[in-house]
Amino acid sequence: MSEAGERRNFYGRIHGKTLRAQQKADLETGLSALSLKGVTREENPERATLDLSFTGGRPLWLEVGFGGGEHLVHMASRNPDIFLIGCEPFVNGIAMLLGKLRDGQITNVAIHPGDVRDLFDVLPDGCLQKVFLNYPDPWPKARHHRRRFVTQGYLTALARCCAPGAEFRVATDIPDYVRQTLEEVPQAGFKLVSQTGQGEAWSDWLSTRYEQKALREGREPHYLTFRRG
């Protein structure tokens, strides 16, 4: 875990296009109820370990950067016997997810609307059974590659939180992201299980709007599966 007083740089976007009235209302009325408590430094300055009783003892999954939330909703509805945390700092994406959850039919989801590293700080060792990283920010410039999720600063924290045998899925349309993923993820204690291309995604995969944009623009998706040692 990080030191209690540590402060981190965060480089991703927080805000995008102006929110619609309904999206603003969803944020005002829905976000607090779904947000994990005790994750932020303001709520938990001592970085005490998170109480996972809210999962009801169900297997815990995590989606890092859920975008518009379509994959998260798909997985949560398909697997009602698990509990899924979605981590996303981008306000517009959070608002889109809240819109999808507005009817209240999906109850096995919680949100951390911020930096996933703050969540890693307070998760218990070995608590995650499955983790999704779908179309992460590619940070294409070489000098920005250290900001990618597939670097040791993120991966060693992720590995600590993953149970032995936990599955880590990565989907990306950026060949250099594949390269770095294959180089760095095994260093953190994960073994490559499979690597496939377009048309060979996981059997329960839901193609997201990011993937559809990549396909329209002629970029090939890559799907990588790792398992925690």
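Bear in mind that the values here come from a model prediction, so they are computed numbers and not experimental data.

Here is what the cut-offs are and how they apply
Residues numbered from 1 in each chain as written. Predicted model: local features only at pLDDT ≥ 70, side-chain atom pairs only at ≥ 80, totals over all residues. Heavy atoms only, no water. Pairing = 2+ DSSP bridges. Helix = DSSP H or I, 4+ residues; strand = E, 2+ residues; numbered from the N terminus. Axes fitted to C-alpha atoms, helices over the stretch in contact; angles between N-to-C directions. Contact = heavy atoms within 4.5 Å. Phe/Tyr/Trp six-rings, centres within 6.5 Å; stacked < 30°, edge-to-face > 60°. Buried < 20%, exposed > 50% of the residue type's maximum accessible area, 1.4 Å probe, protein only. Lys NZ or Arg CZ within 6 Å of the ring centre and 35° of its normal. Right-handed = clockwise from strand over helix to strand, strands pointing away. Core = buried A, V, L, I, M, F, W, Y, C linked by side-chain atoms within 4.5 Å. Polar contact = N/O pair within 3.5 Å; in protein donor to acceptor, adjacent residues only side chain to side chain.

Here the focus is the sheet that holds strand 5 (residues 162-172). Strands sit in the order 3-2-1-4-5-7-6 across an open sheet of seven strands; the sheet is mixed. Looking at which strands have only one partner, the edges of the open sheet turn out to be strand 3 (109-112) and strand 6 (190-196). Averaged over all adjacent pairs, the angle separating strand axes in this sheet is 20°, with direction ignored. As paired elements, strand 4 (residues 128-134) and strand 5 share six bridges and run parallel to each other. In the strand pairing of strand 5, phenylalanine 132 is matched with arginine 169. Sheet strands touched by helix 5 (residues 152-161): strand 4, strand 5, strand 6 and strand 7 (222-228). Its angle to strand 5, the strand with the most contacts, is close to 135°. Across the sheet, helix 6 (residues 175-184) lies against strand 4, strand 5, strand 6 and strand 7, angled at about 15° from strand 7, the strand it touches most.

On to the packing of aromatic side chains, then. Applying the stated rule across the entire model yields ten aromatic pairs. Ring geometry for phenylalanine 149 and phenylalanine 168: centres 6.4 Å apart, planes at 55°, overall tilted. Taken as a pair, phenylalanine 149 in the loop between strand 4 and helix 5 and phenylalanine 168 in strand 5 lie far apart in primary sequence, 19 residues in all. Taking relative accessible area as the criterion, phenylalanine 149 reaches 7% and is therefore assigned buried. Through a chain of ring-to-ring contacts, the aromatic side chains of Phe120, Phe149, Tyr154, Phe168, Phe190 and Phe226 assemble into a single cluster. Note that lysine 130 overlies the ring of tryptophan 61, its terminal NZ or CZ placed 4.5 Å from the centroid. If you follow arginine 228 out to its NZ or CZ, it ends over the ring of phenylalanine 190, 5.8 Å from the centre.

An α-helical segment advances 3.6 residues per turn. Residues three or four places apart therefore align on the same side. With seven of ten residues buried, helix 3 (residues 91-100) lies mostly within the body of the structure. Looking only at helix 3, the buried set comprises Val91, Asn92, Gly93, Ile94, Ala95, Leu97 and Leu98.

Before going further, it helps to spend a moment on the pairing of strand 7. Every other side chain in a regular strand lies on the same face of the sheet, so the side chains alternate between the two faces. Judged by how many residues are buried, strand 7 sits mostly within the fold: five of seven residues are covered. Both strand 5 and strand 7 contribute to a ladder of six bridges, which runs antiparallel. Looking at strand 7, one finds that valine 170 is bridged to leucine 224. Across six bridges, the pairing between strand 6 and strand 7 is antiparallel. Residue glutamine 195 lies in a different strand from strand 7, and its bridge partner there is leucine 224.

So, about the pairing of strand 2 (residues 83-87). The element strand 2 is extensively covered by neighbouring structure, given that five of its five residues are classed as buried. Residues Phe83, Ile85 and Cys87 of strand 2 are buried on one face, and the alternating residues Leu84 and Gly86, pointing to the opposite face, are buried as well. Two elements, strand 1 (residues 60-64) and strand 2, share five bridges in a ladder whose sense is parallel. In the sheet register, glutamate 63 faces strand 2, and the bridge partner there is glycine 86. The pairing of strand 2 with strand 3 spans four bridges and is classified as parallel. Its bridge partner being in strand 3, leucine 84 is matched across the sheet by valine 109. As a crossover connection, the stretch from strand 2 through helix 3 into strand 3 is right-handed.

This paragraph deals with the nonpolar core. Proteins that are soluble and globular tend to have nonpolar side chains buried together. Leu62, Leu123, Leu128, Phe149, Leu158, Phe168 and Phe190 are the most contacted members of the largest nonpolar core, which totals 38 residues. Going through the elements one at a time, strand 1, strand 2, helix 4 (116-122), strand 4, helix 5, strand 5, helix 6 and strand 7 are the ones with two or more residues in this core. Examining the composition of this core, we find that five residues originate from one element, helix 5, more than from any other. Residues in contact with leucine 62, not counting those within four places in the same chain, are Leu84, Ile85, Cys87, Val116, Leu119, Phe120, Leu128, Lys130, Val131 and Phe132.

Here threonine 225 is to be found in strand 7. Of the residues examined, threonine 225 reaches a relative accessible area of 4% and is grouped as buried. Sequence separation of threonine 225 and arginine 147 is 78 residues, and the distance between their C-alpha atoms is 21 Å. Separated by 2.7 Å, the side chains of threonine 225 and tryptophan 202 make a polar contact.

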